[in-house]
Amino acid sequence: MTATASEKTAETFRSLNPATGEVVGEHPIHDEAAVNAAIERARVASVWWAGLGWKERRVRLLNIKGALARSLHRMAALIHQETGKPVADAQLETVLAITHLDWAARNAQKVLGPRSVFPGLVSINQKCVLEYQPLGVVGVIGPWNYPLFTPVGSLAYALAAGNAVVFKPSEYTPGVGLLLAEIVSEVIPEEPVFQVVTGLGDTGAALARGAVDKIAFTGSAPTARKVMAACAERLTPIVAECGGKDAFIVAADADLDQAAEAALWGAMSNAGQTCVGVERVYVVDGVYDDFVAKLTEQARALRPGEDRTAAYGPITMPSQLDVIKRHVDDALARGGRALVGGADAVKEPYVEPVVLVDVPDDSAAVQEETFGPTITVHRVKSVDEAVQRANATSYGLAGAIFSRSRSTAMEAARRLRSGMTSINAVIAFAAVPALPFGGVGDSGFGRIHGADGLREFARAKAITRQRFAAPMNLTSFKRTDKDMARLLQLVSLLHGKHYR
């Protein structure tokens, strides 16, 4: 029998190394009662955590960052075991998680702390304060492709905002979540401000239905709809990142060597299992042939495997192999050509690099998220056409543009229907903690990372304090006609002029 990345027993399930089938760990399947108990503990812990104040939380989070940095090799080894990705990629993922923890800790008070707001002349007697208060308990449902970096993009910012967190890691990578919880508990032993519940889909559903104040979800669009339906029972808000079909545009003046290298990394790293990975490339006609030649030459040199010399690892979730094969087969059946790889490239548990050309725009390989080491390359007449075709999907997560012209690249970047765009690089935004991360359309809504990510896990609180009695008493039954006349005269002076 073929091994899968997780196996269910009566009360536990196993996480397996997808490359070897070896058991990495065995973990409990937490039922609804266990999930609700964790939420109740988090509710108590959240009051204590919020009460510590900005400076103390900052110190604790920086110490979590330090502990994770000291455990970097241990964490990376576990990520490698549970996902199959190369150790170096797992180390890079851990480094990115560390930088996001650092930014969230250092910037939470500046972004969310109380600040004065000018009241305007009509309300000049009011002192106005805006601050952001913790939500309480945040539930995080994480993915398996980046089992540390992606959930940290929610949980670090939620903790920095003063919330307690209950985290349900993917059933394929539960050990990563549990190791992170161990690191956090060593730094914060007083209260369970960060807890992990393990299990399969029912465990995640129980967390979504539970009495949490917000859900942060990363996964597919169909699963997101189910999570949203569960959240709707309690009107629980949700921030959702649901994958993408990201486009990579190559202008006529692009550095083709850099573009080909970046496109290949964006498409093939982590075996293509990257929500912001490159899946479609649009190349302006004049440089199309040269770009394709460079891309295919580099792609042929890549080799998947488990050893340290392999470019990338296995497909972590076995069922994704069927999706990848269906997309490749459909592309070839509809007139596409495989310049690298082909139908026989899909082998369990590895998929060899696949570069497809002449694939119709309405094919599955162009419209649906493949999530494998495949790429389709399309010839276009102009950058304008590339943008139009890039936007012709239901997804809108990220993208990349290569051009030596700053104005051309910036204009195209703004027109791409996506939450993030990199220019002359690929996935660069993910390494910048200050930038928000999220998509539109079937790629989800809401933002993690940056100031927007901090605000995502807080509620705005507006406070006014009357400093002195207003010269015009407008909110009283003792209001006079004279008061209203003064108000209307003031409004006319302030707002009644013509603007050019």
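So, how was this worked out
Residues numbered from 1 in each chain as written. Predicted model: local features only at pLDDT ≥ 70, side-chain atom pairs only at ≥ 80, totals over all residues. Heavy atoms only, no water. Pairing = 2+ DSSP bridges. Helix = DSSP H or I, 4+ residues; strand = E, 2+ residues; numbered from the N terminus. Axes fitted to C-alpha atoms, helices over the stretch in contact; angles between N-to-C directions. Buried < 20%, exposed > 50% of the residue type's maximum accessible area, 1.4 Å probe, protein only. Core = buried A, V, L, I, M, F, W, Y, C linked by side-chain atoms within 4.5 Å. Contact = heavy atoms within 4.5 Å. Parallel < 35°, antiparallel > 145°, perpendicular 65-115°, else oblique. Left-handed = near helix turned anticlockwise from the far one by under 90°. Nonpolar A, V, L, I, M, F, W, Y, C, P; charged D, E, K, R; others polar. Phe/Tyr/Trp six-rings, centres within 6.5 Å; stacked < 30°, edge-to-face > 60°. pLDDT = per-residue confidence, 0-100. Right-handed = clockwise from strand over helix to strand, strands pointing away. Patch = residues over 30% accessible without salt bridge, like charges linked within 9 Å, V, L, I, M, F, W, Y side chains within 5 Å. Areas by Shrake-Rupley, 256 points an atom, 1.4 Å probe, with all protein chains shown as cover. Salt bridge = Lys/Arg side-chain N within 4 Å of Asp/Glu carboxyl O.

Some remarks on the sheet that holds strand S5 (residues 126-134)
What the three strands build is an open sheet, ordered S4-S5-S21; its pairing is antiparallel. Edge strands, defined here as strands with exactly one partner in the open sheet, are strand S4 (115-117) and strand S21 (458-466). For this sheet the average axis-to-axis angle between neighbouring strands, irrespective of direction, equals 35°. In terms of strand pairing, S5 meets S21 through nine bridges, oriented antiparallel. Opposite Gln133, over in S21, you have Arg459 as the bridge partner.

Quick look at the pairing of strand S15 (residues 374-380)
Counted residue by residue, S15 has six buried out of seven residues, so it is predominantly covered. Sheet topology note: the strand S12 (residues 278-284)/S15 ladder contains five bridges and is parallel. Note that in S15 the partner of Tyr282 across the bridge is His378.

Some details on the nonpolar core
Phe248, Val250, Val281, Phe291 and Val377 are the most contacted members of the largest nonpolar core, which totals 126 residues. Setting aside chain neighbours within four positions, we find Val281 in contact with Phe248, Val250, Ala263, Phe291, Ile375, Thr376, Val377 and His378. Counting residues in each nonpolar core, the second largest holds 23 residues, with Ala42, Ala206, Ala208 and Ala221 among its members.

A look at the packing of helix H9 (residues 256-268) against helix H10 (residues 285-300)
The N-to-C vectors of H9 and H10 enclose an angle of 50°; their axes lie 9 Å apart at closest approach. Taken as axis vectors, H9 and H10 run oblique relative to one another. Both H9 and H10 take part in a crossing whose hand is right-handed. In this structure, H9 contributes Leu256, Asp257, Ala259, Ala260, Glu261, Ala263 and Leu264 to the contact, and H10 contributes Val287, Asp290, Phe291, Lys294, Leu295, Gln298 and Ala299. Classifying every residue of the contact of H9 with H10 gives nine nonpolar, one polar and four charged.

Details of the sheet that holds strand S7 (residues 164-168)
Spatially, S8-S7-S6-S9-S10-S20 is the arrangement adopted by the six strands of the open sheet, whose pairing is mixed. Two strands lie at the open edges of the sheet, namely strand S8 (194-196) and strand S20 (444-445), each paired on one side alone. Across the sheet, helix H6 (residues 174-187) lies against S7 and S8, angled at about 150° from S8, the strand it touches most. Its contacts with the sheet put helix H8 (residues 221-232) on strand S6 (137-141), strand S9 (214-218), strand S10 (238-241) and S20, and the angle it makes with S9 is roughly 170°.

Points about the side chain of Gln273
Relative to the assigned elements, Gln273 resides in the loop between H9 and S12. Taking relative accessible area as the criterion, Gln273 reaches 1% and is therefore assigned buried. Beyond its immediate sequence surroundings of up to four residues, Gln273 is in contact with Trp144, Asn145, Tyr146, Pro314, Ile315, Thr316, Met317 and Phe371.

Looking at the packing of aromatic side chains
A complete count under the given rule lists six aromatic pairs for this structure. Ring plane angle 85° and centroid distance 5.7 Å describe the contact between Trp144 and Phe371, whose orientation is recorded as edge-to-face. In this pair, Trp144 is assigned in the loop between S6 and helix H5 (149-160) and Phe371 in the loop between helix H12 (364-367) and S15, connecting sequence segments 227 residues apart. Of the two residues examined, Trp144 and Phe371, each falls in the buried class. Note on Phe248 and Phe402: the rings are 5.1 Å apart at their centroids and 20° apart in plane angle, and the pair reads as stacked. Of this pair, Phe248 sits in strand S11 (residues 246-250) while Phe402 sits in strand S17 (residues 399-402), placing them 154 residues apart in sequence.

A look at the confidence of the model for the protein
Residue-level pLDDT values for the protein average 96, and 98% of them are 70 or greater. Note on residues 1-6: pLDDT is under 50 here. Beyond four places in sequence and across chains, it has 17 contacts.

Details of the pairing of S9
The side chains of a regular strand alternate between both faces of the sheet. Counted residue by residue, S9 has five buried out of five residues, so it is predominantly covered. Burial of the side chains of S9 extends over both faces: Lys214, Ala216 and Thr218 are buried on one face and Ile215 and Phe217 on the other. For S9 and S10, the ladder comprises four bridges, and the chain directions are parallel. In the sheet register, Ile215 faces S10, and the bridge partner there is Ile238. For the crossover from S9 across H8 to S10, the handedness is right-handed.

A few points about a nonpolar patch on the surface
Taken together, Phe118, Leu121, Ile124 and Phe468 make up a surface patch of nonpolar side chains, about 400 Å² in accessible area. Along the chain, Ile124 turns up in the loop between S4 and S5. The exposure class of Ile124 is partly exposed, given its relative accessible area of 32%.

As for the pattern of salt bridges
Throughout the structure, instances matching the rule amount to 26 salt bridges. Between Glu32 and Arg209 there is a salt bridge, with its nearest N and O atoms 3.7 Å apart. With Glu32 in helix H1 (residues 32-51) and Arg209 in helix H7 (residues 201-209), the pair connects residues that are 177 residues apart, well separated along the chain. Two residues, Asp257 and Lys294, come together in a salt bridge whose shortest N-O distance is 2.9 Å.

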